[in-house]
Amino acid sequence: PYDMLIVGGGPAGAAAAIYAARKGIRTGVVAERFGGQVLDTLAIENFISVEHTEGPKLAADLERHVRSYGVDIINEQRAEALVPGDYSEIRLADGGVLRARAIVLATGARWREINVPGEQEYRNRGVAYCPHCDGPLFKGKRVAVIGGGNSGVEAAIDLAGIVEHVTLIEFADQLRADAVLQDKLASLPNVRVVTSAQTTEITGDGNKVNGLVYKDRATGASHTVELAGVFVQIGLVPNTGFLKDTVELTPYGEIVTNARGETSVPGVFAAGDVTTVPYKQIVVAMGEGTKAALSAFDYLIRTPAP
Ligand code: FAD
């Protein structure tokens, strides 16, 4: 068995693994896809102290750093259940079982997609999901935000300060964001809000996004908006399906953690996008992974081995 087993090999899991291994304890990482969301990213320009890197390069750097400490990396294996105990078990899809005295859950999240033609084709070529990450790429250009909940309206307000113009597209007949955000949005001169609008296609010139088509749900008429970018803001889904009835989750499925990365189950810690931590970013996930591993180490030295 391991002293510490980390489930997930994104920035949070990699940071946890390095901090654990540096304590000289037996550390393993099991991941469906080592690198996590970083693998799906092109330019990264907010990884502090690195002006520019690319997702696949950062993922390879993470793996090299983790391996340099002799951490066991069990890649391309999916966890299907957690069974807490003195030695908690992680049951894998292939039937295998991994045991550890402390577990760090770092299985991340995925952006909900709108599933219209053009979304996959132009991903990272105009289709974006993270205004903090990609907003500056659209400086001086026209963009749309899809989704009128809090995250969509926050994104529209944020982007309006950077880009030339923002069209906010909401499926329902009114926005769902907090009133204070809606008031702020309404005060901005370069934002247009379109409600009762169903996005039907993201168009492009073969290389990058050049527009979006939506159907007015009241009249059935189709409209085209010319733009350079589309930010999809219809939700972030945490990868916690395998944790039902073990650790406490929010109604959205995020793992509830405290400031030390502790979950509701002793010996089980969590970090990164899969948790209730606000602001889902690489540097945040790394900091949280660090905290969870140090908390887990603290737990190990205070808890007698069974
Ligand atoms: P993830 O990166 O999601 O890693 C989760 C890990 O868990 C993966 O290894 C996954 O395979 C594994 N996993 C999931 N379920 C299971 C399971 N059941 N069993 C085993 N393993 C499992 N952030 C920035 O700071 N700057 C940017 O420029 C930036 N750009 C982005 C662009 C895109 C397109 C996307 C999608 C995200 C971007 N982000 C950016 C956000 C950033 O990638 C995330 O905040 C960060 O990767 C979260 O790290 P994490 O370790 O918590 O989770």
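Figured I'd write up the structure that's included with this text. Please read all numbers here as calculations on a predicted model, not as lab measurements.

## Observations regarding the nonpolar core
Logical step 1: Core analysis: the largest hydrophobic core is formed by 34 residues, its most contacted members being Met4, Phe34, Leu58, Val66, Val104 and Ile282.
Logical step 2: Taken together, the elements giving at least two residues each to this core come down to β1 (2-7), α1 (11-21), α2 (55-67), β8 (97-105) and α6 (282-302).
Logical step 3: Counting residues per element, this core draws most heavily on α1, at eight residues.
Logical step 4: The contacts of Ile282, once residues within four sequence positions are left out, are Pro11, Val38, Ile44, Phe47 and Leu58.

## Digging into the environment of Pro84
Logical step 1: For Pro84, the location among the structural elements is in the loop between β6 (79-83) and β7 (88-92).
Logical step 2: The class for Pro84 is partly exposed, based on a relative accessible area of 36%.
Logical step 3: Along the sequence, Pro84 and Ala100 sit 16 residues apart, while their C-alpha atoms lie 9.6 Å from each other.
Logical step 4: Excluding residues within four positions of it along the chain, Pro84 makes contact with Thr246 and Val265.

## So, the sheet that holds strand β11 (residues 142-146)
Logical step 1: Taken together, five strands build an open sheet; the order of strands is β10-β17-β11-β12-β13 and the sheet is parallel. Looking along the sheet, the strands with just one partner apiece sit at the ends: β10 (127-128) and β13 (191-194).
Logical step 2: Here five bridges tie β11 to strand β12 (residues 165-169), and the two strands are oriented parallel to one another. By the bridge assignment for β12, Val145 is matched with Leu168.
Logical step 3: Its contacts with the sheet put helix α4 (residues 150-160) on β11, β12, β13 and β17 (229-232), and the angle it makes with β12 is roughly 170 degrees.

Conventions we followed
- Residues numbered from 1 in each chain as written.
- Predicted model: local features only at pLDDT ≥ 70, side-chain atom pairs only at ≥ 80, totals over all residues.
- Heavy atoms only, no water.
- Core = buried A, V, L, I, M, F, W, Y, C linked by side-chain atoms within 4.5 Å.
- Buried < 20%, exposed > 50% of the residue type's maximum accessible area, 1.4 Å probe, protein only.
- Helix = DSSP H or I, 4+ residues; strand = E, 2+ residues; numbered from the N terminus.
- Contact = heavy atoms within 4.5 Å.
- Pairing = 2+ DSSP bridges.
- Axes fitted to C-alpha atoms, helices over the stretch in contact; angles between N-to-C directions.

In short, shape yes, function no, at least from these values alone.
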